[in-house]
Amino acid sequence: MCEDGIDSIKSIASLFELSVTTLNRWRAKYRTGGPSALRSRSKWTRYPEDLKMKAVRAVLDQEESLTSASVRFDISNISVLAKWIEKYTSHSTQGKPLKERSIMTRGRTTTFEERVQAVMDCIQNGKDYQRIMETHRVSYQ
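Draft legend 1. Molecular detail of the nonpolar core. Judged by nonpolar contacts, the single largest core of 13 residues is most densely connected at Ala-55, Val-56, Phe-73, Ile-75, Leu-81 and Trp-84. Elements with a minimum of two residues in this core: α3 (49–60) and α5 (78–89). When residues of this core are assigned to their parent elements, the largest contribution, five residues, is made by α3.

Draft legend 2. Inspection of α3 at higher detail. With twelve residues, α3 ought to run about 16 Å at 1.5 Å a step, and its terminal C-alpha atoms sit 16 Å apart, in line with that. Three or more residues of α3 are buried, namely Glu-49, Lys-52, Met-53, Ala-55, Val-56, Ala-58 and Val-59.

Draft legend 3. Molecular detail of a nonpolar patch on the surface. On the surface, a nonpolar cluster with roughly 310 Å² of combined accessible area is contributed by Trp-26, Tyr-30 and Leu-38. Relative to the helices and strands, Trp-26 is located in helix α2 (residues 20–33). Looking at Trp-26, the relative accessible area reads 38%, which means it is partly exposed.

Draft legend 4. Region of interest: the packing of aromatic side chains. Tallied over the full model, the rule gives one aromatic pair. Geometrically, the ring pair formed by Tyr-47 and Trp-84 is edge-to-face, given 5.1 Å between the ring centres and 75° between the ring planes. Of this pair, Tyr-47 sits in the loop between α2 and α3 while Trp-84 sits in helix α5; the two residues are 37 residues apart in sequence, bridging distant segments of the chain. In this structure Tyr-47 comes out as buried when scored by relative accessible area, which is 13%.

Draft legend 5. Up close: the packing of α3 against α5. With their axes 10 Å apart at the nearest point, α3 and α5 run at an angle of 85° to one another. When the axis of α3 is compared with that of α5, the two are roughly perpendicular. From α3, Leu-51, Lys-52, Met-53, Ala-55, Val-56, Arg-57, Val-59 and Leu-60 reach across to α5, where they touch Leu-81, Trp-84, Ile-85, Tyr-88 and Thr-89. In terms of residue class, the contact of α3 with α5 is built from ten nonpolar, one polar and two charged.

Draft legend 6. Helix α7 (residues 129–136), seen in detail. Listed in full, the buried residues belonging to α7 are Gln-130, Ile-132, Met-133 and His-136. End-on view of α7: buried residues confined to an arc of 165°, all on one side of the axis. On its buried face, α7 sits against α6 (112–124). Once α7 finishes, Arg-137 follows within two positions and takes phi at roughly 55°, a positive value.

Cut-offs and rules
In every chain, residue numbers begin from 1 and rise along the written sequence. Residue-level local features of this predicted model are given only where pLDDT is at least 70; pairs of side-chain atoms are given and counted only at 80 or more, and the full residue set underlies all totals for whole chains, interfaces and linings. To get the side-chain values, all heavy atoms of the structure are used, and hydrogens and water are removed first. Note on terminology: a nonpolar core comprises buried Ala, Val, Leu, Ile, Met, Phe, Trp, Tyr and Cys residues joined through side-chain atoms within 4.5 Å. Residue burial is assigned from relative accessible area. The probe radius is 1.4 Å, only protein chains are included, and a residue is buried under 20% of its type maximum, exposed over 50%, and partly exposed in between. Secondary structure counts use DSSP, requiring at least four H or I residues in a row for a helix and at least two E residues in a row for a strand, with both numbered from the N terminus. Here the expected length of a helix is defined as 1.5 Å per residue gap, with one fewer gap than residues. Any residue with relative accessible area above 30% and no salt bridge may belong to a patch, with like charges joined within 9 Å and the nonpolar Val, Leu, Ile, Met, Phe, Trp and Tyr side chains within 5 Å. Under the convention used here, a 1.4 Å probe and the Shrake-Rupley method define accessible areas, while residue burial counts only the protein chains that appear. Any Lys or Arg side-chain nitrogen found within 4 Å of a carboxyl oxygen on Asp or Glu counts as a salt bridge. Two aromatic rings from Phe, Tyr or Trp, using only the six-membered ring of Trp, form a pair when their centres are within 6.5 Å; if the ring planes differ by under 30 degrees the pair is stacked, by over 60 it is edge-to-face, and anything between is tilted. Lines fitted to C-alpha atoms define the axes here, with helix axes fitted over just the stretch in contact, and angles between the N-to-C directions of these axes take values from 0 to 180 degrees. Each angle is binned into one of four classes, with values under 35 degrees roughly parallel, values over 145 roughly antiparallel, values of 65 to 115 roughly perpendicular, and all other values oblique. For this analysis, residues touch if any pair of their heavy atoms sits within 4.5 Å. In this classification, Asp, Glu, Lys and Arg are treated as charged, Ala, Val, Leu, Ile, Met, Phe, Trp, Tyr, Cys and Pro as nonpolar, and every other residue, Gly included, as polar. What the arc covers is the set of directions going from the helix axis to the C-beta atoms.

If you want it as structure tokens, here you go:
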């Protein structure tokens, strides 16, 4: 229908009570993987670390959108990729594997001098908050 130019994406989405975004995502999956790409996944998928990093880099380097990267790397949903990107970019932990990132939620009591030293180290080291959290044993708040 849509591929033949008979109907628009919007009219087909409306007909089946789908969002245009969902229909476009399904369409992209079908184009790259055929009918089998549209099957529901019955179990949780574990993704290799290198695949995660490639997908994240593709989006952050603006090579691809979330949708196209999730299709290209066969990621179950764009929300999965969005969470990887959020984890990758939070607290300036860029470059570290996703599984090695930790976010300290509770810090320790610090003196004024310790806080000043942490800030100075942070500025001198390219605002690598994760490293500062680890070396100064403080939280990022």
